[in-house]
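Fold and contact review
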Amino acid sequence: MDNKPTTALPCLRLSPVRLGLSFGVTGVVFYLGCMLTMAIVPHSQVLVLSNSMLHGFDVAPILRASVPIGEAVLGLIATFIGGGLAGSMIAGFYNRGLPKPAY
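The text that follows walks through the structure, step by step, so that each part is easy to find. Everything numeric here is computed off the predicted structure, so don't read it as measured data.

Structural notes on helix H2 (residues 43–53)
Within H2, burial applies to Val46, Leu47, Ser50 and Asn51. Buried residues along H2 cover an arc of 130 degrees about the axis, so they all sit on one side. Projecting away from the buried face of H2 at angles above 90 degrees are the exposed residues Ser44, Val48, Ser52 and Met53. Structurally, H2 contributes buried residues whose contacts are with helix H1 (16–40). A positive backbone phi angle near 55 degrees is found at His55, which sits one or two residues after H2.

Here is the structure:
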């Protein structure tokens, strides 16, 4: 084993806009997948799936079989905005924790 000093790998900064858009689009894809599941799978099976994903939390009282199109569009928009904000904040916090470049 040699005692040569190793050079540290450069820390790359994250783009808050790109990560925000990535999180927002990913959230919308999951939202659309949930909508598709609700449209295709019978209500009783969706209830079992939802309860299983939420560790036994009973979603029966709040699970609706039909959602008006306006609420679905609002949900898509809110999911995109929320995901975008989360991704931007993560990138900002990550970049803030990076070491300052040595000149």
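Observations regarding the environment of Pro16
Within the secondary structure, Pro16 sits in helix H1. Given a relative accessible area of 34%, Pro16 falls into the partly exposed group. Placed 79 residues apart in sequence, Pro16 and Asn95 show a C-alpha to C-alpha distance of 9.0 Å. The residues contacting Pro16, other than those within four sequence positions of it, are Gly87, Ser88, Ala91 and Asn95.

Some thoughts on H1
Counted at 1.5 Å a residue, the expected span for H1 with its 25 residues is 36 Å, and the 36 Å between its end C-alpha atoms agrees. When we look at burial in H1, the residues that qualify are Leu19, Gly20, Gly24, Gly27 and Val28. Where the residues of H1 are buried, they touch helix H3 (69–96).

The rules behind the values
Residues numbered from 1 in each chain as written. Predicted model: local features only at pLDDT ≥ 70, side-chain atom pairs only at ≥ 80, totals over all residues. Heavy atoms only, no water. Buried < 20%, exposed > 50% of the residue type's maximum accessible area, 1.4 Å probe, protein only. Helix = DSSP H or I, 4+ residues; strand = E, 2+ residues; numbered from the N terminus. Arc of directions from axis to C-beta. Contact = heavy atoms within 4.5 Å. Expected span 1.5 Å × (residues − 1).

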